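# Survey of secondary and tertiary structure
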Amino acid sequence: MGAWQGLSTAEVLDRTERGLVNTSPDSTGRSFASILQANVLTLFNAVVGGCFLALVLLGAWQDALFGFFIVANTLIGVVQEFTAKRALVRLAVLDAPRAYVRRDGVDAECAVDAVVLDDLLVLRPGEQVPADAELVECRALEVDESLLTGEAVPVPVTVGRGLMSGSTIVAGAGLARVTGVGAASYAARITAEARQFSLVDSELRRSIGRVIHWISLGLLPLSVIVVNGQMQAAGGWSAALSSGAWRDATITAVASINAMVPAGLVFMTSVALAVGAARLARRRVLIHELAAVEGLARVDVLCIDKTGTLTDGSFALDRLEAVEGAPAGWRQALAWFAADPAANATALVIGSGVPGAWTGSAPPDATVAFSSRHRWSGAHFTEDGLRGSWVLGGADVVLGAAGPGRSIVAQAAAIAASGTRTLILAHSSRPLPRTGGSTAPILPDGLRPVAMAVLRERVRPDAADTVRYFGEQGVRVVVISGDDPGTVLAVAREVRLPGASSGVDARTLPEDPRALAEVLRTESVFGRVSPDRKKAMVLALQSLGHTVAMTGDGVNDALALKHADLGIAMGSGAPAARAVANLVLLDGGFARLPGIVAEGRQVIANVERLAKLFLSKTVYAVLLALVFGVLLWPFPFLPRQLAVVDGLTIGLPALVLGLLPNTRRYRPGFLRRVGRWCIPSGIVVAFAVFGAVAYARGPAGASTAVIQTVAVITLTLSALWVLAVLARPFTRTTAGVVVAAYAGLPLILALPAARAFLQLEIPPPELVVVAVAASAAAGVVLEVVHRRIRSRPGAL
């Protein structure tokens, strides 16, 4: 291969100066500054941050403890998105640290990004092609394009054939002229699209965001009513400003405004997702983004590859069939093929079906090593019992379509159509012809079939159980592979995949997205699927209303992983697949998926329970602020008092309830179900508090501190009933949480230091009875309301 000199130093320098080098843009479309801005400058932070700043300026730092949620929520969002961005920046389709080029007639090593257009690549086994190129010279060259196309078998290539960047040389040698570098190369085009930043589609995040958006928009008119009400209750604006009463009025107004925002819900949702991610990490599952844990529960279509998912990538011997009249030494011949130091994996598998090891006294006097280029291997023996030439290879290659072996060829073709692989052992009394230096070895004349070896892909032992689990859980499994459709179908049938009636060649699929979606509505097994088609198939399934998860391990899967609702990569796969996926199975275990789905369901079910708890509080906070503002009554809570009530009725219980085991299946309609629960609950609690406060203000004529204490008792006991309803069915854990929450109220009232800090005063017995009675009445109404809600279809 010395006829090609490659570029000169001057030509390389010229192309480098013109930017024709093998570098790719590394932008993900999302800078750290934009991530920080998006998470800091939010309506939520503006509202809660404004309340926090107002209290700090007023010197009421004791009432500003809720500022923790601003910092926590912002940090969680920034860290979560920046981690995802960093993983995308590290995304690399090309693993090769160096490239080999010929310049000025000399072979040299250089960095991958130093390769220029028209460079002459020196290709050797084990090396990755760093840029798109066209073969100009080769010798028995074979290329593995499995990470790019999904085709598991190495491809023999000839001069003039194009090579895609990211493919690997597995045999032979050659020279190739670079035709595409940097962003113009195949690998870079996939990388550029896969790198574009996007967050997991999260119903939880979307629903909670909508609630906070609605609340934030409503806060402006509510704030006007609340602030005016507090100023009027302090004697009017003029009197309040001149007497200094405006300060206390402002603090209570801030308390009512801040109570409407479910600050803890976003935080607890992130905590529940983070704990779920930590649990999955102990199962050897890496989560790139917390919302992916939720996505596990919503998936109803799982697209999987065949190799590495259903199968382990290796072959197993299905059976050996001897042809009638086969020579006695055929088993020993197979044993030699397996014992040959140059034996490939297929020969070793076939040899495992032959009892005993190679026992021949003399090695063959001539051999031909297997190559996917000529698809056979051979050996010639002179000792008795093995005398003659033995050839192992594909039936159509070894025997041809005519002659004495034509029936075996037809039989092998029929077997191969079912998805298995066949090899023929043939014998001839003639020696192996001398090749005379030819690159294509010649078969001996007079070959007759001796035995047929039938191989099948080794299916993972847990694959069938995993497929059955998803069927029972209402998750449809679709196999999308780059391999032959017949092979894919055979594996799908072996694992008893529902709907595996036929294997569809993806090259025949319609280009129109709607027509493609109609095919995917009924078919579940696809072969010969290109990377772009995988992406199109994922988008088509999504157009049918499905939530789609995609598993994969190669560069050919990267685009589909990126556009799926949930991308799942195998830990042993290409860096591009691992980086773009939402989660990575570090040990590549398909059987991990059921446990992962169960974890996702636990998280989303518990977060739904937390949402009902937090948003019930939002409803009664809005109603109380509105009622007291309209009536021009002082708001009956200080911010610190509400913080303690929240801690007893929501915060501390949420830390436990958000992490409990929960196997309930996911159903769409999160926000609708939460609304059905929290709106009536909030209304009932608000009426109970208003009734107790109205009695304390009117007939009882109580002081401000006593009225606030009555309000705290009533609100705590009423909200705890909501907690008791949501904690059912009771277990030791949930019952303990409810009992501990109830015990917290008398403990706080019994401690003088706590009462002094919270500015509470023990009410007279009459008002204690009123507070308890109002709470009990609220509890009865809550039981009736929630039983009616539970009786509705789809309420749970």
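Check the entry above for the structure.
My aim in this report is to walk through the structure given alongside it, one point at a time.

What counts, and at which threshold
- Residues numbered from 1 in each chain as written.
- Predicted model: local features only at pLDDT ≥ 70, side-chain atom pairs only at ≥ 80, totals over all residues.
- Heavy atoms only, no water.
- Helix = DSSP H or I, 4+ residues; strand = E, 2+ residues; numbered from the N terminus.
- Buried < 20%, exposed > 50% of the residue type's maximum accessible area, 1.4 Å probe, protein only.
- Contact = heavy atoms within 4.5 Å.
- Areas by Shrake-Rupley, 256 points an atom, 1.4 Å probe, with all protein chains shown as cover.
- Pairing = 2+ DSSP bridges.
- Axes fitted to C-alpha atoms, helices over the stretch in contact; angles between N-to-C directions.
- Polar contact = N/O pair within 3.5 Å; in protein donor to acceptor, adjacent residues only side chain to side chain.
- Phe/Tyr/Trp six-rings, centres within 6.5 Å; stacked < 30°, edge-to-face > 60°.
- Lys NZ or Arg CZ within 6 Å of the ring centre and 35° of its normal.
- Patch = residues over 30% accessible without salt bridge, like charges linked within 9 Å, V, L, I, M, F, W, Y side chains within 5 Å.
- Salt bridge = Lys/Arg side-chain N within 4 Å of Asp/Glu carboxyl O.

Scanning the protein chain from N- to C-terminus turns up 28 helices and 21 strands. Within the span of the protein chain, comprising 796 residues, buried residues form 53% of the whole. The long-range share in the protein chain, meaning contacts at least 24 apart out of those at least 6 apart in sequence, stands at 73%. Taken as a whole, the protein chain presents about 32900 Å² of accessible surface, with 61% of it coming from carbon and sulfur.

Here we come to unusual backbone geometry. A cis amide bond links Arg728 with the next residue in sequence, Pro729, at an omega value of 0°. For Pro729, the position within the fold is in the loop between helix H25 (704–726) and helix H26 (732–750). Not every positive phi belongs to a glycine, and Asp104 is a case in point at roughly 55°. With respect to the element layout, Asp104 can be found in the loop between strand S1 (98–103) and strand S2 (106–111). Asp104 gets classed as partly exposed once you look at its relative accessible area, which sits at 42%. At Leu632, a position not held by glycine, the phi torsion is positive, near 60°. Relative to the helices and strands, Leu632 resides in the loop between helix H22 (592–631) and helix H23 (639–657). Relative accessible area serves as the criterion here: at 36%, Leu632 is assigned to the partly exposed category.

Another point: the sheet that holds strand S9 (residues 301–304). One open sheet holds the eight strands; their spatial order is S8-S21-S20-S19-S9-S16-S18-S17, and the pairing between them is mixed. Two strands in the sheet have a free side with no partner beyond their single neighbour: strand S8 (285–287) and strand S17 (504–505). With two bridges connecting them, strand S16 (residues 476–480) and strand S18 (residues 525–527) associate as parallel partners. Within S18, the position partnered with Val479 by the bridge is Val525. Relative to the sheet, helix H11 (residues 291–298) contacts S8, strand S20 (566–570) and strand S21 (583–585), its axis offset from that of S20 by approximately 100°.

Further remarks concern the side chain of Ser428. One can find Ser428 in strand S14 (residues 421–428). In this structure the side chain of Ser428 is engaged in a polar contact, spanning 2.4 Å, whose partner is the backbone oxygen of Asp445.

Time to look at the packing of aromatic side chains. Taken as a whole, this structure holds eight aromatic pairs when the rule is applied. When the centroid spacing of 5.3 Å and the interplanar angle of 70° are considered together, the rings of Trp336 and Phe337 count as edge-to-face. The buried category is assigned to Phe337, whose relative accessible area is 5%. An aromatic cluster is present here, built from Phe628, Trp633, Phe635, Phe637 and Phe690 joined pairwise through their rings. Lying across the ring of Tyr100, Arg124 places its NZ or CZ 4.2 Å from the centre. Note that Arg421 overlies the ring of Phe315, its terminal NZ or CZ placed 5.4 Å from the centroid.

Right, let's talk about a nonpolar patch on the surface for a bit. Side chains of Leu36, Val40 and Leu41 sit close together on the surface and give an oily, nonpolar patch of about 260 Å² of accessible area. With respect to the helices and strands, the residue Leu36 is situated in helix H2 (residues 32–40). With a relative accessible area of 38%, Leu36 lands in the partly exposed category.

This next bit is on the pattern of salt bridges. If you walk through the whole model with that rule in mind, you get 23 salt bridges. A salt bridge links Arg468 to Glu472; the shortest N-O distance between them is 3.9 Å. With Arg468 and Glu472 both in helix H16 (residues 463–472) and four residues apart, this pair spans about one turn of that helix. Take Arg468: its relative accessible area is 43%, and that puts it in the partly exposed class.

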